[in-house]
Amino acid sequence: MSLLIITVFSSLDRPFVQEDQMSNSSSITEFLLLAFADTRELQLLHFALFLAIYLAALLGNGLILTAVACDHRLHTPMYFFLLNLALIDLGCISTTLPKAMANSLWDTRAISYAGCAAQVFAFVFLISAEYFILTIMAYDRYVAICKPLHYGSLLGSRACAQMAAAAWGSGVLYALLHTASTFSLPLCQGNAVDQFFCEIPQILKLSCTDSYLREVGLLMFTSFLGFGCFVFIVLSYVQTFRAVLRMPSEQGQHKAFSTCLPHLAVVSLFFSTVIFAYLKPRSISSPNLNLAVAVLYSMLPPVANPFIYSMRNQDLKDSIWKMLIGFLSVVTDCLPFSANDSHCMSRQAVLPFCFVFVGLFGCFSLVSL
């Protein structure tokens, strides 16, 4: 949601165009995205690199989804929200990266008008939902550590489902409002988007005269909600760490930190990449740097989040290792497992790879837009 406030200032950096020079956006049938490279060798290198990043994100998040879904020990509120976060990360990277890979592979920059609108909707929806999910996860850790006796009543299965549904629903509503507002604007600055995917600040730079102020006003209004969530996260962790430091047991402190620090690292990564992308000084701003930073904030969190959560969470690591060993036992047929264990773990172990194949199928579907 820090993206909301930042987008306002980004959209103001645009030339003034007289009213008689306006052209209706209906005359635009496609947009031209920013290319990563001009030479064919570098384009193929970018394609290979992005494919590796995409597969890593699919496999990492797929492992988390499978572990949480299949391991009954992980059927708790914290892992339920982690499952939602992994789903959102898969959606985020699948929104931007497949089209970028296709453009690099086929030496093109074009994206259809409908494809650009769909990309804006999906990206805003998923980024908003992720921000709300991260806020709920901060509340989950606060209740678990500061009010453990009320944890079951405050974060029961019904309450968790309602909070997750509210996060996803709010993301859909927010994306609908901003996509409709952005693409109802008349565009008169051409169709070249100064980014490798469609995003609101770059589309607003193509709009005419003061017509973009409607979207800016909507962004400013919704930014207050984002700022409120940010304050809530900060206050939640202040109270949480105060409670952890008052724990008499060093083992209890270590266990509490092991559940809080991964989420705090994910939140920090989310905010730092987005803020640096949009609030860096104009003196160091350049097309190449803007492109590199956009790659950073759109690709790094989906790839890094699974590793951040699995590094310090022993239960999650054990479940993932169990699935991988089960997969190896099926492939090599030489590791000692009972028939029931082998059958169960083989089904679980195959699921992450199913996410990879499904993701690749979705990739080829999205690049046709």
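Here the structure is a predicted model, which means the values were calculated and not measured. (Residues numbered from 1 in each chain as written. Predicted model: local features only at pLDDT ≥ 70, side-chain atom pairs only at ≥ 80, totals over all residues. Heavy atoms only, no water.)

**Student:** Whenever I open this one, the overall build of the chain confuses me. Can you help?
**Tutor:** Summing up its helical and strand segments, the chain has twelve helices and two strands in all. Mapped in sequence order, the helices and strands of the chain form the string α-β-α-α-β-α-α-α-α-α-α-α-α-α. The proportion of buried residues among the 369 residues of the chain is 50%. Excluding contacts between residues fewer than 6 apart, the proportion of contacts in the chain whose partners are at least 24 apart in sequence is 79%. (Helix = DSSP H or I, 4+ residues; strand = E, 2+ residues; numbered from the N terminus. Buried < 20%, exposed > 50% of the residue type's maximum accessible area, 1.4 Å probe, protein only. Contact = heavy atoms within 4.5 Å.)

**Student:** How do you make sense of the state of the cysteines when you look at a structure like this?
**Tutor:** Covalent bonding between the sulfur atoms of two cysteines is what defines a disulfide. Under the definition given, this model contains one disulfide. Through a disulfide, Cys116 is tied to Cys198; the S-S separation comes to 2.1 Å. Taking the sign of the S-S torsion, about -125° here, the bridge from Cys116 to Cys198 comes out left-handed. Pair noted here: Cys116 is in helix H4 (residues 113-146) and Cys198 is in the loop between helix H6 (157-183) and helix H7 (200-204), with a separation of 82 residues, a long-range link. The burial state of Cys116 is the same as that of Cys198; both residues are buried. (Disulfide = S-S within 2.5 Å.)

**Student:** Just checking my understanding: could you explain a nonpolar patch on the surface for this structure?
**Tutor:** A cluster of nonpolar residues, Phe227, Phe230, Val231, Val234, Leu235 and Val238, forms a patch on the protein surface that exposes about 500 Å² of accessible area. With respect to the helices and strands, Phe230 occurs in helix H8 (residues 213-245). Judged by relative accessible area, which is 37%, Phe230 ranks as partly exposed. (Patch = residues over 30% accessible without salt bridge, like charges linked within 9 Å, V, L, I, M, F, W, Y side chains within 5 Å. Areas by Shrake-Rupley, 256 points an atom, 1.4 Å probe, with all protein chains shown as cover. Salt bridge = Lys/Arg side-chain N within 4 Å of Asp/Glu carboxyl O.)

**Student:** Please clarify how helix H3 (residues 77-106) should be interpreted in this entry.
**Tutor:** Residues that lie three or four places apart on an α-helix share one face, since the helix turns once every 3.6 residues. With 30 residues, H3 extends 44 Å between its outermost C-alpha atoms, agreeing within 8% with the 44 Å of an ideal straight helix rising 1.5 Å per residue. By the criterion of burial, H3 is predominantly enclosed, with 26 of the 30 residues buried. Positive phi shows up at Asp107, right after H3, with a value of about 55°. (Expected span 1.5 Å × (residues − 1).)

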